[in-house]
Amino acid sequence: MRLDGFGIFVNDMAKMIRFYRDVLGFEIKEDENTSNVYLKKDGTLFLLYGRKDFEKMTNQKYGYAEGKNGHFELALYVDTFDEVDRAFADVISKGAEPVMEPTTEPWGQRTCYIADQEGNIIEIGSFGKPFETKDNE
């Protein structure tokens, strides 16, 4: 099996579409009145599913966390430490909720955390080198 994409079950589709499109710059082709949205970011498929629509499709009910939740993190990478700081300031100015301000960690990564409109945690980080070489030693 190959990883094809990553999805989040959302309560308010229109609000979440606007956040991922307007705040984080994801490419979205569908309009705000849809139940399933395919987003692309740097060639990676990312999906938003309406909670009620998914429950109807699977004929099951699910539990959902309220407020900021720690079920997963979505990690975004930038090439430099300065870009971490700029990206954090930019997304906060556009409505993202701050979780942790930019910090340089002991392992050499500059990182920060924000939350989307439904409390999902998003990391913006860098190891101070381009994405293509960040994992090379």
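In short, a report on the structure. Predicted, not measured: the structure shown is a model, and the values here were computed from it. (Residues numbered from 1 in each chain as written. Predicted model: local features only at pLDDT ≥ 70, side-chain atom pairs only at ≥ 80, totals over all residues. Heavy atoms only, no water.)

**Structural notes on the overall build of the protein chain**
Scanning the protein chain from N- to C-terminus turns up three helices and eight strands. Helices and strands in the protein chain line up, N terminus first, as β-α-β-β-β-α-β-α-β-β-β. At 16 Å, the protein chain has a C-alpha radius of gyration in line with the 14 Å of a compact globule built from 137 residues. Counting over 137 residues, the protein chain shows a buried share of 35%. Here the protein chain has roughly 8,700 Å² of accessible surface; of this, 49% comes from carbon and sulfur atoms. (Helix = DSSP H or I, 4+ residues; strand = E, 2+ residues; numbered from the N terminus. Rg over C-alpha atoms; globule rule 2.2 N^0.38 Å. Buried < 20%, exposed > 50% of the residue type's maximum accessible area, 1.4 Å probe, protein only. Areas by Shrake-Rupley, 256 points an atom, 1.4 Å probe, with all protein chains shown as cover.)

**Considerations on the packing of aromatic side chains**
One pass over the full model with this rule turns up ten aromatic pairs. The interplanar angle of 40° and the centroid separation of 5.2 Å between the aromatic rings of Y20 and F46 together place this pair among those described as tilted. With Y20 in helix α1 (residues 13-23) and F46 in strand β4 (residues 44-50), the pair connects residues that are 26 residues apart, well separated along the chain. Grouping residues by exposure puts Y20 and F46 together as buried. Over the ring of Y64 we find R51, and its NZ or CZ is 4.2 Å from the ring centre. (Phe/Tyr/Trp six-rings, centres within 6.5 Å; stacked < 30°, edge-to-face > 60°. Lys NZ or Arg CZ within 6 Å of the ring centre and 35° of its normal.)

**Topic: the sheet that holds strand β8 (residues 120-126)**
Within the open sheet, the four strands sit side by side as β5-β8-β7-β6. Their pairing is mixed. If you trace the sheet from one side to the other, it starts and ends with β5 (69-77) and β6 (97-104), each paired once. The average angle at which neighbouring strand axes cross in this sheet is 20°, direction not considered. Inspection of the sheet shows β5 paired to β8 by six bridges, in the parallel sense. For E73, the partnering residue across the bridge sits in β8 and is I121. Of the strands in this sheet, β6, β7 (110-115) and β8 are in contact with helix α3 (residues 81-93), which crosses β7 at around 15°. (Pairing = 2+ DSSP bridges. Axes fitted to C-alpha atoms, helices over the stretch in contact; angles between N-to-C directions. Contact = heavy atoms within 4.5 Å.)

Fair warning: the whole summary comes from geometry, so function is off the table for now.
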